[in-house]
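Chain by chain, the residues run as shown.
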Amino acid sequence: MKILTLLLTLLVFSVQAEEYEAVSVEVKAQKLIGDAYYVPGMSGAATEFEGFISNAGFVVTTEGVVVFDALGTPSLANAMLGEIRKVTDQPIKLVIVSHYHADHIYGLQVFKNEGAQIWAPKGTWDYLDSETAETLLDSRRNALFPWVNDETHLVEPDRIIDKDTEFSLGEHRFLISYFGKVHSDGDMSLLSATDQTLYSGDIIFEGRIPFVGDADIIKWAKTLDRVRNMQVEYFVPGHGSASNQPKQTMDLTYRYLNFLLDKLGKAVEEMDQFEETYDTIDWSEFENQPAFDAANRKNAYAVYLYLERVLD
Ligand SMILES: [Zn+2]
């Protein structure tokens, strides 16, 4: 009987060990304050560092763990789960997803397997129903192999959040701020009120030029005005380092978006062509920031087209 149990245990362990390819990047949880932690990703493009380029976080309560975002591969999420297990053996109750972009959701299946409920912002289905979602997953199965592979799949949310939502777990109080379509089809942040820690998601990129894509940049700038008024001790951006200086952590994204709006807004109003506008703008305030060369021109063009549409 004992031998059978041992064999079964070995079998279970070997199956679990095979489930997710190990990562070589260092996935380490950092304690911020109280029961709030975060896992800082590295600064790079989507497929660099084995996809470990975004942040995730978790809060440990007496009734279970609340996770914020799930990193860019199941392997990374599995490594994060290992970090959570160093702190607590409480069940993973909830994953709050800031938005459905690949670098924040490909790890979801790991937490789903743990029995967690997935809460995601309204707009998530626009992403899940889109062709882009499948095409991108296919291309990441190549670019991020073996960490993203045929076993990797998109996980549907259990609950859609479409307004500011408060909830409690154990003695911890939480507030989800729902922002609408800002950086993506739907964005939200999580505040652990008990720990005075805000997990912002990708409305803030610290230490690098943000990815604008098809964002609603006017709404984004307004959202930042709102978030800048929130009083918190610790601020965890979607990308870049967390800090206890929230205004400073938000500063680059805030200045950059308002700069784009101002300069390109003027150009659109005066019906200037994009090419010449771009060349005459003095970018020196931002050109030494990481990801400037990769992202700035694309961002500027996206904002120019967006403003042409909305200022018409
Ligand atoms: Zn991101």
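Right above here is the structure, for reference.
Along each chain, residues carry numbers from 1 onward, in the same order as the chain's sequence is written. Local features are withheld for residues below a pLDDT of 70 in this predicted model, meaning they are given only at 70 or higher, and side-chain atom pairs are given and counted only at 80 or more; totals for whole chains, interfaces and linings count all residues.

Asks: Lay out the pairing of strand β5 (residues 92-96) in plain terms, naming residues and giving numbers.
Replies: Partly exposed residues are those falling between the two cut-offs: more than 12 but fewer than 20 other C-beta atoms within 10 Å of their own, whereas 20 or more means buried and 12 or fewer means exposed, with C-beta atoms placed from the backbone. Here a helix means four or more residues in a row that DSSP labels H or I, a strand means two or more in a row labelled E, and each is numbered from the N terminus. Taking burial as the measure, the five residues of β5 include four buried ones, the bulk of the element. Here four bridges tie strand β4 (residues 64-68) to β5, and the two strands are oriented parallel to one another. Bridging from a neighbouring strand, V65 pairs with I92 of β5. With its strands directed away from the observer, a crossover is right-handed exactly when the path from the first strand over the helix to the second travels clockwise. In this region the chain leaves β4, passes through helix α2 (residues 74-87) and returns to the parallel neighbour β5; the handedness of that crossover is right-handed. A pair of strands counts as paired when DSSP detects no fewer than two bridges linking them. Two strands pair when backbone bridges link them, and β5 and strand β6 (residues 117-121) are joined in this way by three bridges, in the parallel orientation. Bridge pairing in β6 places I96 opposite W119.

Asks: An account of the packing of helix α8 (residues 246-269) against helix α10 (residues 292-310) is requested, with residue identities and associated values reported.
Replies: The convention used is that axes are lines fitted to C-alpha atoms, helices contributing only their stretch in contact, and that angles between N-to-C directions extend from 0 to 180 degrees. Interhelical geometry of α8 versus α10 gives an angle of 55° and a closest axis separation of 9 Å. What the angle tells us is that α8 and α10 run oblique. Here α8 and α10 pass one another in a crossing that is right-handed. Between α8 and α10, the contacting residues are L260, L264, G265, A267 and V268 on the first element and N299, A300, V303, Y304, L307 and E308 on the second. Polar here means any residue outside two lists: the nonpolar Ala, Val, Leu, Ile, Met, Phe, Trp, Tyr, Cys and Pro, and the charged Asp, Glu, Lys and Arg; Gly therefore counts as polar. Taken together, the residues that form the contact of α8 with α10 break down as eight nonpolar, two polar and one charged. Orientation categories follow fixed angle ranges, with anything under 35 degrees roughly parallel, anything over 145 roughly antiparallel, 65 to 115 roughly perpendicular, and all other angles oblique. Handedness of a crossing is defined here by the sense of rotation of the near helix relative to the far one, left-handed for an anticlockwise turn of less than a right angle and right-handed for a clockwise turn. In this description, any two residues whose backbone-derived C-beta atoms lie within 7 Å of each other are considered to be in contact.

Asks: With reference to specific residues and values, describe the sheet that holds strand β11 (residues 197-205).
Replies: As summarised here, the arrangement of the five strands in space is β8-β9-β10-β11-β12, forming an open sheet in which the pairing is mixed. Because the sheet does not close on itself, it has two edges, and the strands there are β8 (165-169) and β12 (234-239). Each strand axis lies, on average, 25° off the axis of its neighbour in the sheet, ignoring direction. Pairing geometry for strand β10 (residues 187-192) and β11, over three bridges, is antiparallel. From the neighbouring strand, L190 faces β11, where its bridge partner is Y199. Contacting β9 (172-180) and β11, helix α7 (residues 217-228) crosses the sheet at an angle of about 155° to β11. Sheet contacts for α8: β11 and β12; angle to β11, the most-contacted strand, approximately 15°.

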